[in-house]
Amino acid sequence: MTSLPPLALYVHVPWCVRKCPYCDFNSHGIGRSATLPEAEYLEALLADLDADLPLAGGRELVSVFIGGGTPSLLSAGFYRRLLEGVAARLPLAADSEITLEANPGTLERGRFAGYREAGVNRLSLGVQSFQAEQLAALGRIHDGADAEAAFAEARAAGFDNLNVDLMHGLPGQTPEMALADLERALALAPEHLSWYQLTLEPNTEFYRYPPALPEEEALWEIQDRGHERLEAAGLQRYEISAYARPGRRSRHNLNYWRFGDYLGIGAGAHGKLSRADGAGGLAIERRWKSRQPEAYLRRRQDPRGFVADAHPVDREELALEFAMNALRLPEGVPMAVWEAATGQPRERLTARLAGARKKGLLVEDADRLQASPRGLLFLNELLASIDES
């Protein structure tokens, strides 16, 4: 019988001060002076988790990730009560990673220390850029000095596992500007750096009114020079846009990319859950919760619960989804892992990969599913070649 994969928990906080024009996440701008319904939201989150507990299958949580929106709008007391409630319902691994996303423009002095005392052991700072022109174009509410001050305060609060989110390919950005951002981030000596290119996603302001972005040649130069600089600084690339010092890879995100399971609680949160299918394999379901915060809160009294919809992943989808996640990892995965996770013989995947292999997008190894260096550069083409086969 196939064993269940590791389990993580994702908690979504749907509010932010102002919706950024590039953001396609479930976030709702409220301004700086709004009072958030912390008590009601906490009650709803724990009720949501209670309803999902049968899906845990007796597993412990390897990680908890609190994302948004802007989770740092909520108080340290909120997170202390939340994490206590989670621990009372599900066992946490002894070395569990508990991450909270924070916006440098929403922090009150001393709040990081409260988050640390509440049980958060990893912070992810949404810096995006240090330069005023780019921050204004992105609709961010902080400046470069705010970002550096937030990082310093996090260190003073005792955080020894910090991620910096940084974007490149921004409106009006030259390679020199992108590399200058990278140097300011590296000067902070973070344990982890998420460095990704701005993309124009549907249902965003940038998609409706596209800004002038750098030309393709400039984008390639940014990626090549930035990758070299990050690795020279001791940050190893372990996912297409994630770099970490030894021992500091994000356990939560690795669980996603390795096709682990995760419960999702909160407005608009998504989850992926596996269960034994009775035939020695696994049946997988994706589910998501009500998106609008007010509707989500009303679900506390709704006999239908918090789930807005659910979708079983059929065998063809499963094979493709697993491959699409695994190929984001430069190290890939053994084909035996793919077979165990999908219940399908490797020959089926090999046939779908023939076109990508001919283009040099895959490593020539019959026992491993792994993108070549060229495949990582042209990941969208690689994924599309699988999807179309």
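Predicted, not measured: the structure shown is a model, and the values here were computed from it.

**Student:** What is the right way to look at helix H5 (residues 144–156) in this model?
**Tutor:** Counting along an α-helix, one turn takes 3.6 residues, and residues three or four places apart therefore face a common direction. Taking 1.5 Å of rise per residue, 13 residues should cover 18 Å, and H5 covers 19 Å from first to last C-alpha, within 8% of that figure. Within H5 the residues assigned to the buried category are Gly144, Ala147, Ala150, Phe151 and Ala154. What you see down the axis of H5 is that its buried residues fit within an arc of 125 degrees, all on one side. Where the residues of H5 are buried, they touch helix H3 (111–118), strand S6 (122–128), helix H4 (132–138), strand S7 (162–168) and helix H6 (175–187). N-capping of H5 is provided by Asp143, with a side-chain oxygen placed 3.1 Å from the backbone N of Ala145. Once H5 finishes, Gly158 follows within two positions and takes phi at roughly 105 degrees, a positive value.

**Student:** Is there a simple way to think about the pattern of salt bridges in this case?
**Tutor:** It is possible for side chains bearing opposite charge to pair when their charged atoms get close. As enumerated under the stated definition, the model contains 24 salt bridges in all. Between Asp48 and Lys289 there is a salt bridge; the shortest N-O distance is 2.5 Å. Of this pair, Asp48 sits in helix H1 (residues 38–52) while Lys289 sits in strand S13 (residues 282–289), placing them 241 residues apart in sequence. Neither residue differs from the other here; Asp48 and Lys289 are each classed as buried. Close ionic contact of Glu148 with Arg184 constitutes a salt bridge, the shortest N to O distance being 3.1 Å. Here the residue Glu148 occupies a position in helix H5, and Arg184 occupies one in helix H6, the gap between them amounting to 36 residues. Taken together, the salt bridges that share partners define one network made up of Asp48, Asp52, Glu285, Arg287 and Lys289.

**Student:** So what exactly am I meant to see when it comes to the nonpolar core here?
**Tutor:** Across soluble globular proteins, nonpolar side chains show a tendency to be buried alongside one another. Counting residues in hydrophobic clusters, the biggest one holds 63 residues, and the most contacted among them are Leu9, Tyr79, Leu82, Phe112 and Phe159. In contact with Tyr79, not counting residues within four places along its chain, are Val13, Ile66, Pro71, Leu74, Leu100, Tyr115 and Ala118. The next biggest cluster of nonpolar side chains, apart from the first, holds 26 residues, and it includes Ile284, Val333, Leu349 and Leu382.

**Student:** Explain helix H11 (residues 315–326) to me, please; I cannot follow it from the model alone.
**Tutor:** Compared with the 16 Å implied by 1.5 Å per residue over twelve residues, the 17 Å span of H11 between its first and last C-alpha is a close match. Among the residues of H11, those classed as buried are Leu318, Ala319, Leu320, Glu321, Phe322, Ala323, Asn325 and Ala326. The backbone nitrogen of Glu317 lies 2.7 Å from a side-chain oxygen of the residue at the head of H11, namely Asp314.

**Student:** Help me understand the layout of surface pockets in this model?
**Tutor:** The computed volume of the second largest pocket comes to approximately 260 Å³. Asp277, Leu282, Ala283, Ile284 and Leu318 are the residues nearest the centre of the second largest pocket, which is lined by 19 residues in total. At the level of secondary structure, the elements contributing two or more residues to the lining of the second largest pocket comprise S13, strand S14 (307–313), H11 and helix H12 (335–342). Top contributing element to the lining of the second largest pocket by residue count: S13, with four residues. The residue makeup of the lining of the second largest pocket, split by class, is nine nonpolar, five polar and five charged.

Cut-off values and rules
- Residues numbered from 1 in each chain as written.
- Predicted model: local features only at pLDDT ≥ 70, side-chain atom pairs only at ≥ 80, totals over all residues.
- Heavy atoms only, no water.
- Helix = DSSP H or I, 4+ residues; strand = E, 2+ residues; numbered from the N terminus.
- Expected span 1.5 Å × (residues − 1).
- Buried < 20%, exposed > 50% of the residue type's maximum accessible area, 1.4 Å probe, protein only.
- Arc of directions from axis to C-beta.
- Contact = heavy atoms within 4.5 Å.
- Polar contact = N/O pair within 3.5 Å; in protein donor to acceptor, adjacent residues only side chain to side chain.
- Salt bridge = Lys/Arg side-chain N within 4 Å of Asp/Glu carboxyl O.
- Core = buried A, V, L, I, M, F, W, Y, C linked by side-chain atoms within 4.5 Å.
- 1 Å grid on protein atoms, 1.4 Å probe; cavity = no way out; pocket = protein on both sides within 12 Å on 5 of 7 lines; lining within 4 Å.
- Points joined across faces, edges and corners; volume = space filled by probe spheres on them.
- Nonpolar A, V, L, I, M, F, W, Y, C, P; charged D, E, K, R; others polar.

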